Structures are given as C-alpha cells and as structure tokens.
Amino acid sequence: MPLTLSLVTTPTSFDKIAPMDHTAWLTPYNPQLKHFRPSLATPAEAIAHQRAKSIAKWQKRDPYTFHVHVVDSDTDDVVGYALWVANMEPQAEAQPVAATWYEEGSVERAFAERFINGLWGFLGERVRGPHMDLHSIIVHPLHRHRGAGRMLLRWGTAKADELGIETVISSLPSAAGAYEKCGFGRIELIPADVEVEDPSARWKELQAEDLTGWLMWRPVGHDYVEGVDRAPWLEGKA
C-alpha cells in the first residue's frame, strides 16, 4: 500500500480530508482543540463546518499557503494532511482573536480568548522574521506509523529551505518527540496564560487541563543540532 504526497488541487479532496481531520484530532485527545473550534451537536456538523472552512481557505489560492495531503495509492484514501504557511514578511503585532464560535459573555469564550491570545503573543514576541509555520498536521489513526507524518513534515522543511526561511511549530507535548525526529529542536516550553483572579468553577475546570506546548524550531538549510544551532530570539541571552 504505497503512499504518495501531493498538493491539494481540487476542493473535492476535502470531502475525504474533513472526516479524517475529525477522527484524527480525537485520537489521542487534544486538550487545546476545543478552544479553537466550535462545539457542534454532531460529528456530521463538525465535519461539514471544517470542510467548508478548509475549502474557503484553499480557494483563496494564496501562493504561500500549502495544502498537502498523503494518499494511499491502492485505496485512494487520504491518510494524512498538513497545512503549511510561509510568512515571508517580518511579522506585525497580532490582532486579538475573538472566539466568536462561543456565545458572547460565556466563560468558554473568555477562556478561549485568553488562551489563544496568550499563545499568539508568546510566539509573536519570539518569531519575528520570515518563517514557515505548520498550522495543522493530521494522520488517520489507522494509518499511523506508515511514514505519512514524516512525509508531510519533510515536505514543509524542504519548502522552507527552498524559500530560505526557518521553520517553527507550536507543538503539543505529546507530539514534540515526532518533530524532533524530523529535524526540529525543542526550544521553549509555551506556558498556558490562563491565570485570572477569582476564577469561576467552570474556569477552574477548563484550566485543569494541560494546555502547555513546545515551541519547536528548525534553522534554514539543515536539521537542528543541539548545542550548535540557536534560535534567533535567543541570541545574546545566557
């Protein structure tokens, strides 16, 4: 069952990517995901929502946004997908995110906005120059350990080298080891900025999950070498 990698060239590809996306993000459980997406009543609604969102992004045909998928050549099933974005200009200060997928005034909305804006703020303070950013990567649970994830990651780092830019990833702790195997350094722990005064019971419940992450980095042109390579934002620091 050979695997082939290619850019997504038709919106119908998301008919297969969206269901896989829904399944893959549930296994293993991702504690961060619910803060970035609406909580819909059924899997079918969630899949339809993500499909429409992905197609809208793909149809913009941004030359520096890359939708990449891995297909099992024997079955024509999509088994992996990644969304890579090349940020070619110095990064401006990020605008605050409004978590409109939650009801206005809800604890969930306030928590999501605090968490997301804290995350973007942490990254924005560090990653200033042109870079390749991994927005999403998924592999179907039944097709893991076949090399699809490595193919998707290596495609992104090769494109970054072609463009002459570094690569950064905000990683869940559980995925950091896989990124290290594909040439990334585990540079800094990303804390979850969700501390508030007098939190409600619901806020405490949301806060109880581990929302930390790792800022992963790969220099231009080669895999990260610990003790040799140093991320630009750490230059001059002890």
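Going by what an unreviewed UniProt entry lists, the chain is known as N-acetyltransferase domain-containing protein and is assigned to Massariosphaeria phaeospora.

**Let's talk about the packing of aromatic side chains**
A full pass over the atoms with the stated rule returns eight aromatic pairs. A ring pair is formed by Phe-36 and Phe-115, whose centres lie 6.0 Å apart and whose planes are at 80°; its orientation type is edge-to-face. One end of the pair, Phe-36, is in the loop between α1 (14–26) and α2 (43–59); the other, Phe-115, is in helix α3 (residues 107–126), and 79 residues separate them in sequence. Owing to a relative accessible area of 23%, Phe-36 belongs among the partly exposed residues under this scheme. The buried category is assigned to Phe-115, whose relative accessible area is 2%.

**Comments concerning the sheet that holds strand β7 (residues 213–218)**
Read from one edge to the other, the open sheet built from seven strands follows the order β1-β2-β3-β4-β5-β7-β6, with strand pairing classed as mixed. Across the chains shown, the open sheet's two edge strands, defined by having one partner strand only, are β1 (3–7) and β6 (185–190). On average, each strand axis in the sheet is inclined to that of its neighbour by 25°, with strand direction left out of account. Sheet topology note: the β1/strand β2 (residues 65–72) ladder contains five bridges and is antiparallel. Paired with Leu-5 across the strands is Val-70, a residue of β2.

**So, the nonpolar core**
Counting residues in hydrophobic clusters, the biggest one holds 24 residues, and the most contacted among them are Trp-84, Leu-134, Leu-153 and Tyr-179. The set of elements that each furnish at least two residues to this core consists of β2, β3 (78–87), β4 (131–139), α4 (148–163) and α5 (176–181). At five residues, α4 tops the list of elements feeding residues into this core. Tyr-179 has contacts with Leu-134, Ile-137, Leu-153, Ile-169, Ser-171, Phe-184 and Met-216, leaving out every residue within four places of it along the chain. Membership of the second largest hydrophobic core comes to 14 residues, among which are Ile-17, Trp-25, Leu-83 and Ile-138.

**Some points on the environment of Trp-155**
Here Trp-155 is to be found in helix α4. With 87 residues separating them in the primary sequence, Trp-155 and Val-68 have C-alpha atoms 8.5 Å apart. Setting aside chain neighbours within four positions, we find Trp-155 in contact with Leu-5, Leu-7, Phe-66, Val-68 and Trp-84.

**Observations regarding the pattern of salt bridges**
Under the criterion given, the structure shown has 16 salt bridges. Measuring nitrogen to oxygen at the nearest pair gives 2.9 Å for the salt bridge that ties Arg-154 to Asp-223. Here Arg-154, found in helix α4, pairs with Asp-223, found in the segment after β7; they are 69 residues apart in sequence, far enough to count as distant. Relative accessible area serves as the criterion here: at 28%, Arg-154 is assigned to the partly exposed category. One salt-bridge network, held together by shared partners, links Arg-154, Asp-161, Arg-218 and Asp-223.

Definitions and limits used
Counting restarts for each chain: residues are numbered from 1 in the order of the written sequence. Restriction of local features to residues with pLDDT of at least 70 applies here, the model being predicted, together with a cutoff of 80 or more for giving and counting side-chain atom pairs; totals for whole chains, interfaces and linings are based on all residues. As a rule here, side-chain values cover all heavy atoms of the structure and leave hydrogens and water aside. Side-chain rings of Phe, Tyr and Trp, where Trp is taken by its six-membered ring, are said to pair if the distance between their centres is within 6.5 Å; with planes under 30 degrees apart they count as stacked, over 60 as edge-to-face, and otherwise as tilted. Strands here mean DSSP runs of E at least two residues long; helices mean DSSP runs of H or I at least four residues long; both are numbered from the N terminus. Any residue under 20% of the maximum accessible area for its type is buried, any over 50% is exposed, and the rest in between are partly exposed; the area is computed with a 1.4 Å probe on protein chains only. A pair of strands is labelled paired if DSSP reports no fewer than 2 bridges between them. The axes used here are C-alpha line fits, helices contributing only the stretch in contact, and every angle between their N-to-C directions lies in the interval 0 to 180 degrees. Take the buried Ala, Val, Leu, Ile, Met, Phe, Trp, Tyr and Cys residues and link them wherever side-chain atoms come within 4.5 Å; each set so joined is a nonpolar core. Whether two residues are in contact is decided by their heavy atoms, any of which lying within 4.5 Å being enough. Any Lys or Arg side-chain nitrogen found within 4 Å of a carboxyl oxygen on Asp or Glu counts as a salt bridge.

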